[in-house]
Structure formats: structure tokens, C-alpha cells
Amino acid sequence: MNTEPMHQAIEGSLSGKLTFPQVVRILAAAGVESYSIDLIRGEDVFYMPDGTVHVEKMTPPATPIAENFSQPGLAAAIKAAQADTIRYPEFLTQAMAAGVAGYRTYITGKRVLYLGRKGDLHIEEFPRPKA
């Protein structure tokens, strides 16, 4: 398995150079089916269709993960990221402040599941491409 695209996606995201659609394109081209971000452990896990996985360490922002999940706070962070007014480092800071402890992106399913510390869940469909 070529793990370079996975590393490239993480580094590009954490540096604020890549947008979410760019990350999805890179990972989809590499055959990644889904990936999971654990903000507590600081890990990205990439899942391939054949059942193989690749784990990469990441350094999330120093922002504490809020105890209570804030749907409006997460929605605002998602909206700002989709509008490209913030990039991934700021998105993570805002999401963690909104109580997001991790999330799983389903590239083939075109959705992201955000998880809170108490089992809170928010499902976000990928934005439709602009015509």
C-alpha cells in the first residue's frame, strides 16, 4: 500500500494548504474508502476496501475538547470550512471547542460522522459540486 497520499493529505490539511475537497480527491485517487480522526489519541486511520488499514499520528490543536457537544458551534465551523473562510487548523480548533472528539469521513458514502465525548452524533453530507 502506498501511504504517501495519506501522509500528504494529513500534512497538507494540518498546514492549511489543502481544502477538504482536495483531501478527498487525493485519498479517493489512492483508493481510500474512509478515514477516521481521533482527536483524543491524535491518530488518523485510513481504511481500504480490502480491509487493510494505515495509521498516522497527528498533532491536533491544543484546544481542549469541550465536555458538551454544541451542534450550532460545529455547524458554524463546517459552514466556514465549506466557504473556505477557515482552513483545517482553525476548523479543528472550532470543532473541538464545540465538543467534537473525533469524526469519520466516508469517501465512498459522501458523508462525515462527527462524534462528541458523550456519544453525540452529527451527520454531514458532502456538499454538492457547484455547477
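Preceding this paragraph is the structure being described.
Cut-offs and rules
- Throughout, residues of each chain are indexed from 1 in the direction in which the sequence is written.
- Local features in a predicted model are, by the rule used here, given only for residues with pLDDT of at least 70; side-chain atom pairs are given and counted only at 80 or more, and totals for whole chains, interfaces and linings are based on all residues.
- Side-chain calculation: all heavy atoms of the structure are included, whereas hydrogens and water are not.
- Helix and strand assignments come from DSSP, with helices taken as H or I runs of at least 4 residues and strands as E runs of at least 2, each series counted from the N terminus.
- Our radius of gyration looks at C-alpha atoms and nothing else; its globule reference is 2.2 Å times the residue count to the power 0.38.
- For each residue, the accessible area found with a 1.4 Å probe, counting protein chains only, is set against the maximum for its type, and the residue is called buried under 20%, exposed over 50%, and partly exposed in between.
- We call two residues in contact whenever any of their non-hydrogen atoms come within 4.5 Å of each other.
- Surface exposure here means Shrake-Rupley accessible area, sampled with a 1.4 Å probe, where a residue is shielded only by the protein chains that are shown.
- Residues counted as positive are Lys and Arg, residues counted as negative are Asp and Glu, and His and the chain ends are not counted.
- Where a charge sits is defined by one atom per residue type, namely NZ (Lys), CZ (Arg), CG (Asp) or CD (Glu).
- We define the nonpolar core as a collection of buried residues of types Ala, Val, Leu, Ile, Met, Phe, Trp, Tyr and Cys that are connected through side-chain atoms lying within 4.5 Å of one another.
- What makes a patch is a set of residues exposed beyond 30% relative accessible area and free of salt bridges, joined within 9 Å when like-charged and within 5 Å when nonpolar (Val, Leu, Ile, Met, Phe, Trp, Tyr).
- Any Lys or Arg side-chain nitrogen found within 4 Å of a carboxyl oxygen on Asp or Glu counts as a salt bridge.

(A) The arrangement of the overall build of the protein chain in detail. Helices and strands together make up the secondary structure of the protein chain, namely 4 helices and 6 strands. Moving toward the C terminus, one meets the helices and strands of the protein chain in the order α-α-β-β-β-α-α-β-β-β. Against the globule reference of 14 Å for 131 residues, the protein chain gives a C-alpha radius of gyration of 14 Å, in line with a compact fold. The buried share of the protein chain, reckoned over its 131 residues, is 41%. Intrachain contacts of the protein chain at a sequence separation of at least 6 include 50% that bridge at least 24 residues. A total of about 7,300 Å² of accessible surface is found on the protein chain, and carbon and sulfur atoms cover 54% of it. When the 13 positive and 14 negative side-chain charges of the protein chain are each reduced to one mean point, those points stand 6 Å apart.

(B) Spatial organisation of the nonpolar core. By size, the foremost hydrophobic cluster in this structure holds 35 residues, and its most contacted members are L27, Y35, L39, L74, F91, Y103 and Y114. Elements with a contribution of two residues or more to this core: α1 (4-14), α2 (20-29), β1 (34-38), α3 (71-82), α4 (88-97), β4 (100-106) and β5 (111-116). Tallying contributions element by element places α4 first for this core, with 5 residues. Leaving out residues up to four positions away in the same chain, Y114 has contacts with L74, I78, F91, V100, G102, Y103, D120, L121, H122 and E124.

(C) Region of the structure containing the environment of I107. Position of I107 among the secondary structure elements: in the loop between β4 and β5. Residues within four places of I107 in sequence aside, it is in contact with V24, L27, A28, V32, E33, S34, Y35 and F126.

(D) Local environment of unusual backbone geometry. Positive phi outside glycine occurs at D84, with the angle close to 60°. Tracing the chain through its elements places D84 in the loop between α3 and α4. Backbone geometry at K110 places phi at a positive 60°, although glycine is not the residue there. Within the secondary structure, K110 is located in the loop between β4 and β5.

(E) Seen up close, a nonpolar patch on the surface. Where nonpolar side chains cluster on the molecular surface, the patch consists of L115, L121 and I123 and spans about 260 Å² of accessible area. Mapped onto the fold, L121 is located in strand β6 (residues 121-125).

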